[in-house]
Amino acid sequence: FVFVSFADVESIIEFEKTHFPKKTEQVVFLHDKDLTIFDYFNDFYDTPTFKIYDKNKSLVGHLEQAPAEEIYKHYQQKQ
């Protein structure tokens, strides 16, 4: 998982400590104070945005398409 936030760094750290108290390489938190993520992903229009990519870097789905449970189900079928 990659979390990208434009919130202040202290808030991001607090969120990480609260929701992910055990450090793991599978969860990465990034601070994007200048909102540059919108420059790299043409289909990001709002926050929060939830996207899932498969191991081939193909977009499986995003929250606007279906409930999160449906995206997860779809993702599991592709593996």
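Residues numbered from 1 in each chain as written. Predicted model: local features only at pLDDT ≥ 70, side-chain atom pairs only at ≥ 80, totals over all residues. Heavy atoms only, no water.

> Sorry, what's going on with the overall build of the chain here?
When its secondary structure is counted, the chain shows 3 helices and 4 strands. Moving toward the C terminus, one meets the helices and strands of the chain in the order β-α-β-α-β-β-α. In the chain, which comprises 79 residues, the proportion classed as buried is 19%. Contacts in the chain between residues at least 24 apart in sequence constitute 29% of all its contacts with a sequence separation of at least 6. About 6800 Å² of surface is accessible on the chain, with carbon and sulfur atoms providing 55% of the total. (Helix = DSSP H or I, 4+ residues; strand = E, 2+ residues; numbered from the N terminus. Buried < 20%, exposed > 50% of the residue type's maximum accessible area, 1.4 Å probe, protein only. Contact = heavy atoms within 4.5 Å. Areas by Shrake-Rupley, 256 points an atom, 1.4 Å probe, with all protein chains shown as cover.)

> Before we go on, may I ask you to explain the pairing of strand 1 (residues 2-5) in this structure?
Every other side chain in a regular strand lies on the same face of the sheet, so the side chains alternate between the two faces. Relative to strand 2 (residues 28-31), strand 1 runs parallel, the two sharing 4 bridges. Considered in strand 2, the bridge of V4 is made with L30. With helix 1 (residues 9-19) bridging strand 1 and its parallel neighbour strand 2, the resulting β-α-β unit is right-handed. (Pairing = 2+ DSSP bridges. Right-handed = clockwise from strand over helix to strand, strands pointing away.)

> Mind showing me how you'd approach the side chain of D32 here?
Along the polypeptide, D32 turns up in the loop between strand 2 and helix 2 (37-40). For the buried D32, no salt bridge is present, and the opposite-charge side chain at shortest range is K33, 8.9 Å distant. In this structure D32 touches V4, S5, F6 and I37, once residues within four positions along its chain are discounted. (Lys, Arg positive; Asp, Glu negative; His and termini not counted. Salt bridge = Lys/Arg side-chain N within 4 Å of Asp/Glu carboxyl O.)

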